[in-house]
Amino acid sequence: MDGNDVESTVMVVDDTAAGRYALGAVLSRAGHSVIPVASAWEALVELDVRLRAGVLPDVALVDVGLPDMNGFELCRRLKAQPPTAALPVVHFSAVSAGPAYRCRGLDAGGEAYLAVPAEPEEIQAVVRAAVRGARKRTGAETLVRRLTLLSETIAAVQTARCLRELADAAADGTARLTGSPAAVFVPAEDGELFCGMSRSRARAALPDRGAHETVARLIRHATAGHTGVRGTVVPAPLWPAGFFRPGASDDAHLVLAQAQDGRTPVCLATPARTDRKPAPRTDTLVARLAQATALAAEPLLMYQAERHVALTLQHSFLPQELSAMPGVEVVVRYVPASRQTEIGGDFYAALNTSAGVLTAVGDVVGHSLEAATVMVEIRHALRAYCVEDPEPRVLARRLDQMLQHYHPDATTTVCLTLVDPASGRARIANAGHIPPLVVGDDGTAGYVEARGPLLGLGLDRPPPTEVTLLPTDRLLMITDGLIETRGTDLEVSLEQLRTAAAAAPPGTAALCDTLLACFGRDREDDIALLALRLR
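Keep in mind the model is a prediction, meaning the values are calculated, not measured.

Caption draft 1: Main features of the overall build of the protein. Looking only at helices and strands, the protein has 12 helices and 20 strands in total. Of all 535 residues assigned to the protein, the portion counted as buried reaches 49%. Sequence separation of 24 or more characterises 67% of the internal contacts of the protein that already satisfy a separation of 6 or more. Total accessible area computed for the protein in this model is approximately 25,300 Å², and 53% of it derives from carbon and sulfur atoms.

Structure representation (structure tokens):
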């Protein structure tokens, strides 16, 4: 064989022992491994066994005149089955049939035809050509499959809604590209490390927090002063055990990628191969994936930082406990949306005024740091305006004017209630918000008929609605994040809330906690509740 050729395995299918011996001898002298079989049926059985073991031959030399099935039909069967379709077939025959056999062999899917007896050099050259052609086709098909896999993984990474989804998608893609377990790490600026592992890695016995902190230090050290994509190997004593196999310690091959500004480090980790180096083409594809993952992680990390600021802003202006109000008991609850969703502008307030206790629950339309900022401005404006005139309709009008002047693109829903603790008289101005729910201790519950356009549109405000609260009543005000569900009509959700509130235990805190337990898990929007009752 030529020094550039790779040794191959050749299956010789011939019903005559002499023919098998002669071809086998020629091929063996050229360095090939030979699998002699005596019939088409025996060839199919042998190929099935080898297919299960993952060791198909590189080429099949098939006699045209086999007794149980001619060589052309055997070739058609092999080419019709995807696992053996790429196996190159060379037909041969000792019967002279001119170009007819050659044409039939090509029509059946064969790669070449030999008229035997033939010179050993010709036999060897035909086999070499068939093997080279098949390997080039296989290499091209493998590259296409890997490029397709890379593009699918990049698409999954780019559409990830959060850093955890991004890390999981990148880990699965890395595992499929390399054929080994994989872990992907994305450190955030606040020190949190997001980790994704390939599905092939069992989720039992995951590495502990100390292991994650060690990985974070290694990533910081390996990326310090570098940008772009680079690879490195971390020996097992330094790399924590358990990321690739439960409890196992492996050397780790890391592919690290960073944006040009040195931010957004991403680490794709796989077990280091000690038996052989990864194919350069695989290394290139993993490097491309690491670079795409770093680019996709950058806006998610920026959003996470913005979300942290918005949460801090909301928590600072939405205390979980309010100061005591004369004559009333007020309880509030606030639950931010799940980590995968954006922070909104939900708010509540309870203020002591000259005419009684003013309560407000509202929601700035939109989900962003800007919405949270507008929420803070509305709360400040409400506190200032109610000192001069706490009348709910007047406050709604003034807040509407403030939004039009300073935030012309913003709109807000809000429900304002002014309660006189001595008489129980409540005046309610509703601006596009869910109306208050009055819950009695006798198991009754009903919504107050209070409606009006949302703030920020400059529309006329209707007169406030008046109700009288009894000492046995609880006034509940909520934002729609508690009950709004995609695919469910709001009226249905409101009725479900009313039924659950009517069955809740006595007390304002018990009412809020019961409703949160019923409706408040894994919501896509923020939740704010305020419950009030006369003392």
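Next comes the rest of the description.
Caption draft 2: Looking closely at the sheet that holds strand β1 (residues 9-13). The strand order across the open sheet built from 5 strands is β2-β1-β3-β4-β5, with neighbouring strands paired in parallel fashion. Single-partner strands in this sheet number two, and they are β2 (33-37) and β5 (112-115). Averaged over neighbouring strand pairs, the angle between their axes works out to 20° when direction is ignored. In the sheet, β1 pairs with β2 via 5 bridges, with the strands oriented parallel. Across the sheet, Met 11 pairs through a bridge with Ile 35, a residue of β2. Packing of helix α1 (residues 17-29) onto the sheet brings it into contact with β1, β2, β3 (59-63) and β4 (89-93), and relative to β2 it is tilted by some 170°.

Caption draft 3: Region of the structure containing the pattern of salt bridges. As enumerated under the stated definition, the model contains 13 salt bridges in all. For the salt bridge of Glu 391 with Arg 427, the shortest nitrogen-to-oxygen distance reads 2.7 Å. Note that Glu 391 is positioned in the loop between α9 (369-388) and α10 (392-406) and Arg 427 in strand β15 (residues 425-431), a separation of 36 residues in sequence. For the pair Glu 391 and Arg 427, one class covers both residues: buried. Residues Asp 441 and Arg 474 are paired through a salt bridge, measuring 3.7 Å at the closest nitrogen-oxygen approach. With Asp 441 in the loop between β16 (437-440) and β17 (445-447) and Arg 474 in strand β19 (residues 473-478), this residue pair connects regions lying 33 residues apart in the sequence. Assessed through its relative accessible area of 37%, Asp 441 is described here as partly exposed. Owing to a relative accessible area of 1%, Arg 474 belongs among the buried residues under this scheme. Salt bridges here are not isolated pairs; linked through shared partners, they connect Glu 391, Arg 425, Arg 427 and Glu 466.

Caption draft 4: Focus on the packing of helix α11 (residues 490-502) against helix α12 (residues 508-519). Between α11 and α12, whose axes approach to 10 Å, the crossing angle comes to 135°. Classified by the interaxial angle, the pair formed by α11 and α12 is oblique. Considering only the axes of α11 and α12, their crossing is right-handed. For the pair α11 and α12, the contacting residues are Gln 496, Leu 497, Ala 500 and Ala 501 in the first and Leu 511, Leu 515 and Phe 519 in the second. Partitioned by chemical class, the residues of the contact of α11 with α12 number 6 nonpolar, 1 polar and no charged.

About the thresholds
- Residues numbered from 1 in each chain as written.
- Predicted model: local features only at pLDDT ≥ 70, side-chain atom pairs only at ≥ 80, totals over all residues.
- Heavy atoms only, no water.
- Helix = DSSP H or I, 4+ residues; strand = E, 2+ residues; numbered from the N terminus.
- Buried < 20%, exposed > 50% of the residue type's maximum accessible area, 1.4 Å probe, protein only.
- Contact = heavy atoms within 4.5 Å.
- Areas by Shrake-Rupley, 256 points an atom, 1.4 Å probe, with all protein chains shown as cover.
- Pairing = 2+ DSSP bridges.
- Axes fitted to C-alpha atoms, helices over the stretch in contact; angles between N-to-C directions.
- Salt bridge = Lys/Arg side-chain N within 4 Å of Asp/Glu carboxyl O.
- Parallel < 35°, antiparallel > 145°, perpendicular 65-115°, else oblique.
- Left-handed = near helix turned anticlockwise from the far one by under 90°.
- Nonpolar A, V, L, I, M, F, W, Y, C, P; charged D, E, K, R; others polar.

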